[in-house]
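Take a look at the letters that make up each chain.
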Amino acid sequence: MSSPPKPSARRRLHPLPKGLVELYGLIAVLVVLIPEWIADGTINLGERGAKAPLPMTSRAWRTLPELQLASMAMRELRELSRELRIWGYASESRERLTARLLSRIRRRIKAVDAL
């Protein structure tokens, strides 16, 4: 019986033929990249002149503050908080900040409706 190889002994790996490596690369491009490019082109088909990739044309998106806040990035939420003069907004989580913004917006809407 042969003794097990020593851990310090270097193993000699057999290199793959260059043609086989190039074939694997070609298969990877055909299977992964080309469908990805096709999907991206299909999604961006009508966007050439448009600003937003998915325009929110629904009336609800323009009128409901909950939907407007849900579609905003955290940076936009913080900018709105600064405009509405909400203190301590920088350390708030998204959920807490959204709740505070909603209560402030609803309070302003009630004040406008009362006039």
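Residues numbered from 1 in each chain as written. Predicted model: local features only at pLDDT ≥ 70, side-chain atom pairs only at ≥ 80, totals over all residues. Heavy atoms only, no water.

### Some points on the overall build of the chain
Operational definition: To qualify as a helix, a DSSP run of H or I must reach at least 4 residues; to qualify as a strand, a run of E must reach at least 2; elements of each kind are numbered from the N terminus. Burial status follows relative accessibility: with a 1.4 Å probe on protein chains alone, a residue under 20% of its type maximum counts as buried, one over 50% as exposed, and anything between as partly exposed. Here a residue-residue contact requires only that any non-hydrogen atoms of the pair lie within 4.5 Å.
Secondary structure summary: the chain contains five helices and zero strands in total. The helix and strand sequence of the chain, counted from the amino end, reads α-α-α-α-α. Relative to its full complement of 115 residues, the chain shows a buried share of 13%. When contacts within the chain are restricted to residue pairs at least 6 apart in sequence, those whose partners lie at least 24 apart make up 24%.

### Some details on the side chain of E92
The test is simple: Whenever a nitrogen or oxygen atom comes within 3.5 Å of another N or O atom, the pair is scored as a polar contact, on the condition that within protein one atom can donate a hydrogen and the other can accept it, and that pairs from neighbouring residues in sequence are kept only if both atoms are in side chains.
Along the chain, E92 turns up in the loop between α4 (74-83) and α5 (94-114). A distance of 3.0 Å separates the side chain of E92 from the side chain of R100, its partner in a polar contact. Not counting residues up to four positions away in its chain, the partners in contact with E92 are M74, R78, L97 and R100.

### A look at a nonpolar patch on the surface
Our working definition: What makes a patch is a set of residues exposed beyond 30% relative accessible area and free of salt bridges, joined within 9 Å when like-charged and within 5 Å when nonpolar (Val, Leu, Ile, Met, Phe, Trp, Tyr). Every accessible area reported is derived by Shrake-Rupley at a probe size of 1.4 Å, with residue values counting cover from the shown protein chains alone. Whenever Lys or Arg places a side-chain nitrogen within 4 Å of a carboxyl oxygen from Asp or Glu, that contact is recorded as a salt bridge.
A cluster of nonpolar residues, L16, V21, L23, Y24, L26, I27, V29, L30, V31, V32, L33 and W37, forms a patch on the protein surface that exposes about 1100 Å² of accessible area. Here V29 shows up in helix α1 (residues 18-43). By relative accessible area, V29 is classed as partly exposed at 31%.

### Looking at the confidence of the model for the chain
Condition: Every residue gets a pLDDT, meaning the predictor's confidence in that residue, from 0 to 100.
Here the chain averages 81 in pLDDT, and 77% of its residues register 70 or above. Per-element averaging of pLDDT across the chain places helix α2 (residues 59-63) at the bottom with 71 and α4 at the top with 91.

### Topic: α1
Applied cut-off: One less than the residue count of a helix, multiplied by 1.5 Å, gives the span that helix is expected to have. We define the bend at any residue as the angle between the axes fitted to the seven residues before and including it, ending there, and the seven starting there.
Under the 1.5 Å per step criterion, the end-to-end length of α1 is 37 Å for 26 residues, consistent within 8% with the ideal 38 Å. At V29, α1 shows its maximal bend, which comes to roughly 30°.

### What about the nonpolar core?
Test applied: As used here, the term nonpolar core means buried Ala, Val, Leu, Ile, Met, Phe, Trp, Tyr and Cys residues forming a set that is joined through side-chain atoms within 4.5 Å.
Formed by L69, L77, L80, L84, I86, Y89, L97, L101, L102 and I105, the largest nonpolar core amounts to 10 residues. Looking at this core, the elements that each hand over two or more residues are α4 and α5. Counting residues per element, this core draws most heavily on α5, which supplies four residues. For I86, the contacting residues outside a window of four places in its chain are S81, R100, L101 and R104.

### A closer look at the pattern of salt bridges
For side chains of opposite charge, pairing can occur when their charged atoms come near one another. Applying the stated criterion to the full structure yields four salt bridges. Put simply, E92 and R96 hold a salt bridge, and the shortest N to O gap is 3.8 Å. A residue is classified by how much of its surface remains accessible, and R96, at 46% relative accessible area, is partly exposed. For R100, the salt bridge goes to E92, with nearest N and O atoms at 3.0 Å. Each member of the pair R100 and E92 is classed as buried. Among the ionic contacts, a cluster of salt bridges with common partners joins E92, R96 and R100.

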